[in-house]
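Read off the chains here:
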Amino acid sequence: AQKVTQAQTEISVVEKEDVTLDCVYETRDTTYYLFWYKQPPSGELVFLIRRNSFDEQNEISGRYSWNFQKSTSSFNFTITASQVVDSAVYFCALSEIYNQGGKLIFGQGTELSVKP
Amino acid sequence: DGGITQSPKYLFRKEGQNVTLSCEQNLNHDAMYWYRQDPGQGLRLIYYSQIVNDFQKGDIAEGYSVSREKKESFPLTVTSAQKNPTAFYLCASSIESTEAFFGQGTRLTVV
């Protein structure tokens, strides 16, 4: 079965704290993509990152970083020095079929609240 | 600007009515998707289409119908057979294996 689990339903931090959002996935495929999306209060999902199953290098983009570990089937997302604008719901997602980037299996989402 | 436009933003449906949610994209993407989001849950796939005049059921297609007569448009009809239609509906599009781009969503409420 294909599944994405985000065990943290809600996280609350104070501005400038670092925060890590966990994502664990299950798939039988050897070729797949993993994604993170941000959903601000406006509702639209904003793409953050896509990682293919062959690339386990960690990635950093500004205050955002991602740790992909196939051995533990995890794709965790860290925000360094969080800001109030980071408050949103964050979704981890899995795409099993190589050529259908929008056919996604989503986790339940983690609602991040960053307080000033 | 290129993007995905969903309308209306808010929609109210009476019991037994069919309603249609609009989704238009000008990104020249071949594939389009409809997702449903319920509180505390992730998004679930309703229908998707990889090419004009063709579409496939997703995980929760019962009570919904779609059409894909034009590349730019992928409307979703919520029929009276959908017993619990109150939810947030998101449309997306993509090219092959690239990431999907999402619209701003339609919030449907049964009154």
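Everything numeric in this text was worked out from a predicted model, so none of it was measured.

**Student:** Describe the pairing of strand β9 (residues 74-79) of chain A, naming the residues involved and giving the relevant values.
**Tutor:** Residues and elements named next belong to chain A. Relative to β9, strand β3 (residues 19-21) runs antiparallel, the two being bridged by three bridges. Bridging from a neighbouring strand, L21 pairs with F77 of β9. Note: strand β8 (residues 64-69) against β9, six bridges, orientation antiparallel. Note on β9: the bridge partner recorded for Q69 is S74. Linkage of β8 to β9, two consecutive antiparallel strands, is achieved through a turn of four residues, within which S73 is found at a positive phi near 50°.

**Student:** An account of the interface of chain A and chain B is needed here, citing residue identities and associated values.
**Tutor:** Residue-level contacts link 21 residues of chain A with 21 residues of chain B. Scanning the region where chain A abuts chain B turns up zero salt bridges. The interface formed by chain A and chain B holds seven residue pairs in polar contact (both at pLDDT 80 or more) in total. Counting only elements with at least two residues in the side of chain A that touches chain B, the list comes to β5 (33-39) and β6 (46-52) of chain A. If you tally residues by element for the side of chain A that touches chain B, the top one is β5(A), at four residues. Each residue belonging to the side of chain A that touches chain B can be placed in one class, and the counts come to nine nonpolar, nine polar and three charged.

What counts as what
Residues numbered from 1 in each chain as written. Chains lettered and ligands numbered in written order. Predicted model: local features only at pLDDT ≥ 70, side-chain atom pairs only at ≥ 80, totals over all residues. Heavy atoms only, no water. Pairing = 2+ DSSP bridges. Helix = DSSP H or I, 4+ residues; strand = E, 2+ residues; numbered from the N terminus. Contact = heavy atoms within 4.5 Å. Salt bridge = Lys/Arg side-chain N within 4 Å of Asp/Glu carboxyl O. Polar contact = N/O pair within 3.5 Å; in protein donor to acceptor, adjacent residues only side chain to side chain. Nonpolar A, V, L, I, M, F, W, Y, C, P; charged D, E, K, R; others polar.

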